[in-house]
Amino acid sequence: MELLTIIIPVFNEEKVLPKALELLSFLKSSEIIFVDSGSSDSSVSLIEDFIGEKSCGWRVVKESFDSPSIGKAVSKGVNLAETEYVLILPVDCFLSINAFKELGYYLKRGFSWGGFEKVYTSKTLLKGLYASLQNVIRTRLFRNLVWTNGFFGKRRLLETNLSTKGFLEDVELSDRLKKESLPIILAEKIEVSDRKYQGRVLKRIFLNLSILFLYRLKLKSVEELRELYQ
């Protein structure tokens, strides 16, 4: 996909990287930039070994940020990309071949930015309901996207609107981009790992909703919300 660079932020992801790399192997001729934010596990070696075995047109960039964040990693990847569009793909989120085909169709037609609706890997009733509510209300109705929606957009547009504050960077990016234009939401879905919800689904859902509520009403600072989330 010559129009697109895929940016994958990495930070101590050795448990999910094998699955991610294998599922991306059909894109070995595409430009994929892994930005590692100083992992202390085997993440970098896993990527490098895979690239060597598959002869991929991929690369891994090693950075050491004072305070690692997805926004900083994405910013580094966007600055290195040379294509018109970039896709920000979290390492524990997965897109099918059909999703990439649909994405290519819209990129060729010049759409500015957008994302996908979500489905969780583990298809329980509660997680399915939560994903549906997010898709209908936050994604479709309010056009608010987060990293796990699979942000894609024109490189220059993302470059000038990225936040690197360390928390809620995706929410701020979405708000800024909506001032430029509304996003397109594709029909294919992105599969999101539910590892953060293991054994504490209701608690995590409540925490996520509380943080967004407090953020929107400006009742707490980003720093206070980050402490609450952790």
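A few points on the structure. (Residues numbered from 1 in each chain as written. Predicted model: local features only at pLDDT ≥ 70, side-chain atom pairs only at ≥ 80, totals over all residues. Heavy atoms only, no water.)

1. Quick notes on the overall build of the protein
What counts is decided by this rule: Numbering of helices and strands runs from the N terminus; a helix is a DSSP stretch of H or I covering at least four residues, while a strand is a stretch of E covering at least two. The reference for a compact globule is 2.2 Å times residues^0.38; the radius of gyration itself is calculated from the C-alpha atoms. Throughout, a contact is declared for two residues whenever any of their heavy atoms are within 4.5 Å.
Across its full length, the protein holds 9 helices and 8 strands. Scaling as 2.2 N^0.38, a compact globule of 230 residues should have a C-alpha radius of gyration of about 17 Å, and the protein matches this with 17 Å. In terms of overall dimensions, the protein has a C-alpha envelope of 50 × 40 × 35 Å along the principal axes. Look at the contacts in the protein between residues 6 or more apart in sequence, and 80% of them connect residues 24 or more apart.

2. Some remarks on the pairing of strand E3 (residues 58-62)
We count it as follows: For two strands to be treated as a pair, DSSP must find no fewer than two bridges joining them.
Inspection of the sheet shows strand E2 (residues 31-36) paired to E3 by 5 bridges, in the parallel sense. Bridge assignment links isoleucine 33 to a residue of E3, and that residue is arginine 59.

3. What to know about helix H7 (residues 169-180)
Quick note on the threshold: Multiplying 1.5 Å by the helix residue count minus one yields the expected span of that helix. Categorising residues by exposure relies on relative accessible area from a 1.4 Å probe, with only protein chains included: less than 20% of the type maximum marks a residue as buried, more than 50% marks it as exposed, and the intermediate range marks it as partly exposed.
End to end, H7 covers 17 Å across 12 residues, agreeing with the expected 16 Å (1.5 Å per residue, within 8%). Taken residue by residue, H7 has Glu169, Asp170, Val171, Glu172, Leu173, Ser174 and Leu177 as its buried positions. On its buried face, H7 is in contact with helix H3 (70-80), strand E6 (113-120), helix H6 (155-159) and helix H8 (201-216).

4. Brief notes about the side chain of asparagine 144
Within the secondary structure layout, asparagine 144 lies in the loop between helix H5 (125-141) and strand E7 (152-154). Excluding residues that lie within four positions of it along the chain, asparagine 144 makes contacts with Arg138, Thr139, Asn149, Ser174, Asp175, Lys178 and Arg216.

5. Brief notes about the nonpolar core
Worth spelling out the cut-off: In plain words, nonpolar cores are sets of buried Ala, Val, Leu, Ile, Met, Phe, Trp, Tyr and Cys residues tied together by side-chain atoms within 4.5 Å.
Formed by 41 residues in total, the largest nonpolar core has its most connected members in Ile6, Ile8, Phe34, Trp58, Leu87, Leu89 and Leu103. One finds Ile7, Ile33, Val86 and Phe151 within the second-largest nonpolar core, a separate group that totals 20 residues.

6. Section: the packing of aromatic side chains
Inclusion rule: In this scheme Phe, Tyr and Trp rings, the latter by its six-membered ring, pair at centre separations within 6.5 Å, and the angle between planes marks the pair as stacked below 30 degrees, edge-to-face above 60, and tilted otherwise. A ring is scored as having a charge over it whenever the NZ atom of a lysine or the CZ atom of an arginine sits within 6 Å of its centre and within 35 degrees of its normal.
For the structure shown, the criterion picks out 10 aromatic pairs. Relative to tryptophan 58, the ring of phenylalanine 50 has its centre 5.7 Å away and its plane inclined at 20°; by these criteria the two rings are stacked. Accessibility assignment for this pair places phenylalanine 50 and tryptophan 58 in one class, buried. Both rings, one in tyrosine 106 and one in phenylalanine 111, keep their centres 5.3 Å apart while their planes meet at 75°; by these two values the pair is edge-to-face. A residue is classified by how much of its surface remains accessible, and phenylalanine 111, at 33% relative accessible area, is partly exposed. Here the aromatic cluster, defined as three or more aromatic residues joined through ring pairs, consists of Phe34, Phe50 and Trp58. A cation over an aromatic ring shows up here: arginine 109 above the ring of tyrosine 105, its NZ or CZ 3.6 Å from the ring centre. Directly above the ring of tyrosine 229 sits arginine 204, whose terminal nitrogen or CZ lies 4.8 Å from the centroid.

7. Notes on unusual backbone geometry
Even without being a glycine, arginine 143 presents a positive backbone phi close to 60°. On the secondary structure map, arginine 143 appears in the loop between H5 and E7. Note on arginine 143: relative accessible area 23%, which makes it partly exposed. A positive phi angle, near 55°, is found at leucine 168, a position not held by glycine. Mapping leucine 168 onto the fold places it in the loop between H6 and H7.

8. Notes on the pattern of salt bridges
Spelled out, the test is: In what follows, salt bridge is the name for a side-chain nitrogen of Lys or Arg lying within 4 Å of a carboxyl oxygen of Asp or Glu.
Applying the stated criterion across every chain, the model contains 13 salt bridges. Among the salt bridges present, the one from lysine 76 reaches glutamate 63, with a minimum N-O distance of 3.4 Å. Taken together, the positions of lysine 76 in helix H3 and glutamate 63 in the loop between E3 and H3 put the pair 13 residues apart, joining distant regions of the chain. Close ionic contact of aspartate 175 with arginine 216 constitutes a salt bridge, the shortest N to O distance being 2.7 Å. A residue pair is termed long-range when its members are at least 10 positions apart, and aspartate 175 in helix H7 and arginine 216 in helix H8 qualify at 41 residues. We classify arginine 216 as partly exposed; its relative accessible area is 39%. Through salt bridges with shared partners, a single ionic network connects Glu13, Asp92 and Arg195.

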